[in-house]
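Chain residues, written in single-letter form:
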Amino acid sequence: MMRVAACALMAAMGVPVAPISAQAAPPPRSGYTDASPATRAMQDDDSVNPAFLWVQQGETLWSTARDGGTSCAGCHGAPASMQGVAARYPAFDAARGRPVTLAQRIELCRTEHQGEERLDQDSETLLSLTALLGLQSRGMPVSVQQDGPMQPFHDEGARLYATQFGQLNLSCHQCHDELAGQTLAGSLIPQGHANGYPLYRLEWQSLGSLYRRIRNCLTGVRATPFAPDAPELIAIEIYLAGRGRGLVVETPAVRP
Amino acid sequence: MVRVLINVPKKAHRGEVIEIKVLISHPMESGQRRNEMGQPIPRDIIHSFRCTYNNQVVLEAELFPAVAANPFLSFFAVAEDTGTIVFAFTDDHGTEQVERAAIVIE
């Protein structure tokens, strides 16, 4: 209790808080493990998992060129050439001096190499392509760099993770570490790992991004969610990947 | 045209019981919900589904507004002859979509 109070106070004062996972944390536990047998069965069978409707769309987009332009396949070959890529995103982009997410990376190719319009993070096109590329890393350990040029972003993510938000004044840490395994309004609080995204959420009846999930958590505590492409979200995504070290990519997962 | 994922074994032995799985991307809007402006969102569902195997009906189903988005149907058939399994479904706009899967009997 003391420790929590101290962390909360430090967060309130804007003092960076050491990564909470340094506390004797249990090994990471995927949301898959906490899901019901029926939900797990959906994730286990690709012919039942509705996310594969998006993967199928991603395959079409991957190999389709617009008006004599070059398709993704035209430059990259088969989707299998992207094996392992999603597992290490967000990755540091030296030219831009900042990390880019997988969706942003795809956006860069779409806008710079294909002359396409910018899209919303949660557009069907980006969800489909990130699902297709995530699938190419399924079963591989999440391996997002946390040190070197990524260190400041990791640290910012750790600070945000421990910051209390909203009218309910709760931090990600309070729910996903201290209260994980307990229930909130009937649903189990998972450890909040990011290894299955984009994923099919039964409540959404759709595929959705990690940022949509985090938006839901923030509106849940009556906080104003971050803007869709806010640097805060990228920092949180990086930190979550490091915090979930040991988990494998499950994309496209299924959650309740 | 909506996206459809069909799972039918490519090959089977005569007399074998095969599982057929169909996943259809569709909002299945119930007609009971309202948008942010308080106006009702019109019903938009797939209301009928029919599967035939070499022109013989395997399954005919009526679907109702309580079915969740992206409906999934799974059922069984007996593999008899090499041929085509046809899936046809109709939505509230009256649009019929037809998909096919080939099966070879060894």
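Conventions and cut-offs
- Residues numbered from 1 in each chain as written.
- Chains lettered and ligands numbered in written order.
- Predicted model: local features only at pLDDT ≥ 70, side-chain atom pairs only at ≥ 80, totals over all residues.
- Heavy atoms only, no water.
- Salt bridge = Lys/Arg side-chain N within 4 Å of Asp/Glu carboxyl O.
- Helix = DSSP H or I, 4+ residues; strand = E, 2+ residues; numbered from the N terminus.
- Contact = heavy atoms within 4.5 Å.
- Buried area = accessible area lost by both parts, 1.4 Å probe.
- Polar contact = N/O pair within 3.5 Å; in protein donor to acceptor, adjacent residues only side chain to side chain.
- Nonpolar A, V, L, I, M, F, W, Y, C, P; charged D, E, K, R; others polar.
- pLDDT = per-residue confidence, 0-100.
- Pairing = 2+ DSSP bridges.
- Patch = residues over 30% accessible without salt bridge, like charges linked within 9 Å, V, L, I, M, F, W, Y side chains within 5 Å.
- Areas by Shrake-Rupley, 256 points an atom, 1.4 Å probe, with all protein chains shown as cover.
- Buried < 20%, exposed > 50% of the residue type's maximum accessible area, 1.4 Å probe, protein only.
- Core = buried A, V, L, I, M, F, W, Y, C linked by side-chain atoms within 4.5 Å.
- Phe/Tyr/Trp six-rings, centres within 6.5 Å; stacked < 30°, edge-to-face > 60°.
- Lys NZ or Arg CZ within 6 Å of the ring centre and 35° of its normal.

A. Structural context of the pattern of salt bridges. Residues and elements named next belong to chain A. Going through the model one piece at a time under the given rule, you end up with 20 salt bridges over all chains. A salt bridge links Asp 46 to Arg 138, with the nearest nitrogen and oxygen atoms 3.0 Å apart. Of this pair, Asp 46 sits in the loop between α3 (37-44) and α4 (52-63) while Arg 138 sits in the loop between α7 (124-135) and α8 (151-161); the two residues are 92 residues apart in sequence, bridging distant segments of the chain.

B. Representation of the interface of chain A and chain B in the model. At the interface, 13 residues of chain A touch twelve residues of chain B. Interface area for chain A against chain B, summed over the two sides, is near 1100 Å², with a carbon-plus-sulfur share of 55%. It is A:Ser47, A:Leu53 and A:Gln205 that lose the most area in chain A upon contact with chain B, and together they represent 51% of the buried surface on that side. Linking chain A with chain B are two salt bridges, by the criterion used here. Between A:Glu124 and B:Arg3 there is a salt bridge whose closest N-O contact spans 3.4 Å. The interface formed by chain A and chain B holds eight residue pairs in polar contact (both at pLDDT 80 or more) in total. With five residues, the top contributor of residues to the side of chain A that touches chain B is α4(A). For the side of chain A that touches chain B, a count of residues per class yields six nonpolar, five polar and two charged.

C. Just the confidence of the model for chain A, in detail. Taken as a whole, chain A shows an average pLDDT of 91; of its residues, 90% reach a score of 70 or greater. This model gives residues 1-18 of chain A a pLDDT under 50, and the stretch forms 14 contacts once residues within four places in sequence are excluded.

D. Up close: the pairing of strand β5 (residues 56-62) of chain B. Residues and elements named next belong to chain B. As defined by bridge partners, strand β4 (residues 46-53) adjoins β5 across six bridges and the pair is classed as antiparallel. Paired with Tyr 53 across the two strands is Gln 56, which belongs to β5. Hairpin connection, β4 to β5: the antiparallel pair is bridged by two residues, and Asn 54 has positive phi, about 45°.

E. Broad picture of a nonpolar patch on the surface. All names here are of chain B. Together, Val 17, Phe 76 and Val 78 line one region of the surface with nonpolar side chains, adding up to about 290 Å² of accessible area. Relative to the helices and strands, Val 17 resides in strand β3 (residues 17-24). Assessed through its relative accessible area of 54%, Val 17 is described here as exposed.

F. Main features of the nonpolar core. One finds A:Phe165, A:Ile214 and A:Phe226 to be the most contacted residues of the largest nonpolar core, which totals 30 residues. Secondary-structure elements contributing two or more residues to this core are α8, α10 (210-220) and α11 (231-243) of chain A. Residues within four places of A:Ile214 in sequence aside, it is in contact with A:Leu233, A:Ile236 and A:Leu240. Among the nonpolar cores identified, the runner-up in size contains 27 residues, and A:Phe52, A:Leu53, A:Leu207 and B:Leu23 belong to it.

G. Expanded view of the packing of aromatic side chains. Under the defined criterion, the tally for this structure stands at six aromatic pairs over all chains. Between A:Phe165 and A:Phe226, the aromatic rings sit 5.9 Å apart at their centres with planes inclined by 90°, giving edge-to-face as the arrangement. In this pair, A:Phe165 is assigned in the loop between α8 and α9 (172-178) and A:Phe226 in the loop between α10 and α11, connecting sequence segments 61 residues apart. Ring pairing ties together the aromatic residues B:Phe49, B:Phe75 and B:Phe87, which thus form one cluster. Its guanidinium or amino end placed over the ring of A:Tyr32, A:Arg40 lies 5.9 Å from that ring's centre, counting from NZ or CZ. Taking the ring centre of A:Trp204 as reference, the NZ or CZ of A:Arg201 above it sits at 5.5 Å.

H. Structural detail: the side chain of B:Ser25. Position of B:Ser25 among the secondary structure elements: in the loop between β3 and β4. Among the residues examined, B:Ser25 registers a relative accessible area of 12% and is labelled buried. Not counting residues within four places of it along the chain, the set of residues in contact with B:Ser25 comprises A:Leu53, B:Val2, B:Arg3 and B:Asn70.

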